[in-house]
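Single-letter residue listing:
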Amino acid sequence: QAEVEQRVLNVEGAPSNVSPLRDPATDLLRFELTGEAPLQAVRVLDLSGRQVLAPMMRTSTLSAQLGVQDLPAGAYGLEVFTANGATRHSFVVAR
């Protein structure tokens, strides 16, 4: 059984208070919203801005995790949507 590696991305409720992801993810990307606005949706974009993943997620939560095991190695954008607006973050998938 492959070891699942996860990285944490903290997202403040306001777009100006974002801590970027620093380490690459291999199988699982977990993130937490540290503000009061719950998650509404997320989507993953490739470097050209094309959507490559838009998982159905449980909303009204302050944390979530995404399986990135099917994505090729590389850099991606993560858009997080809450009632306070949308924020975009970068992360890397490593193999």
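The structure presented is a predicted model; accordingly, all values stated were derived computationally and were not measured.

**Student:** What exactly am I supposed to notice about the environment of Pro55 here?
**Tutor:** Relative to the helices and strands, Pro55 resides in the loop between strand E4 (51-53) and strand E5 (63-67). Overall, the relative accessible area of 26% leaves Pro55 in the partly exposed class. Spatially, the C-alpha atoms of Pro55 and Val42 are 7.1 Å apart, while their sequence positions differ by 13 residues. For Pro55, the contacting residues outside a window of four places in its chain are Val42 and Leu66.

**Student:** Looking at this structure, how should I read the side chain of Glu79?
**Tutor:** Topologically, Glu79 is positioned in strand E6 (residues 74-82). Separated by 2.4 Å, the side chains of Glu79 and Arg43 make a polar contact.

**Student:** What is the right way to look at the environment of Ala64 in this model?
**Tutor:** Positionally, Ala64 belongs in strand E5. It is 8.5 Å that separates the C-alpha atoms of Ala64 and Leu29, two residues lying 35 residues apart in sequence.

**Student:** Looking at this structure, how should I read the pairing of strand E3 (residues 39-45)?
**Tutor:** Looking down a regular strand, the side chains alternate between one sheet face and the other. Relative to E6, E3 is paired through six bridges, and the arrangement is antiparallel. Paired with Arg43 across the two strands is Glu79, which belongs to E6. For E3 and E4, the ladder comprises two bridges, and the chain directions are antiparallel. Its bridge partner lying in E4, Leu45 is registered against Gln51.

Thresholds applied
Residues numbered from 1 in each chain as written. Predicted model: local features only at pLDDT ≥ 70, side-chain atom pairs only at ≥ 80, totals over all residues. Heavy atoms only, no water. Helix = DSSP H or I, 4+ residues; strand = E, 2+ residues; numbered from the N terminus. Buried < 20%, exposed > 50% of the residue type's maximum accessible area, 1.4 Å probe, protein only. Contact = heavy atoms within 4.5 Å. Polar contact = N/O pair within 3.5 Å; in protein donor to acceptor, adjacent residues only side chain to side chain. Pairing = 2+ DSSP bridges.

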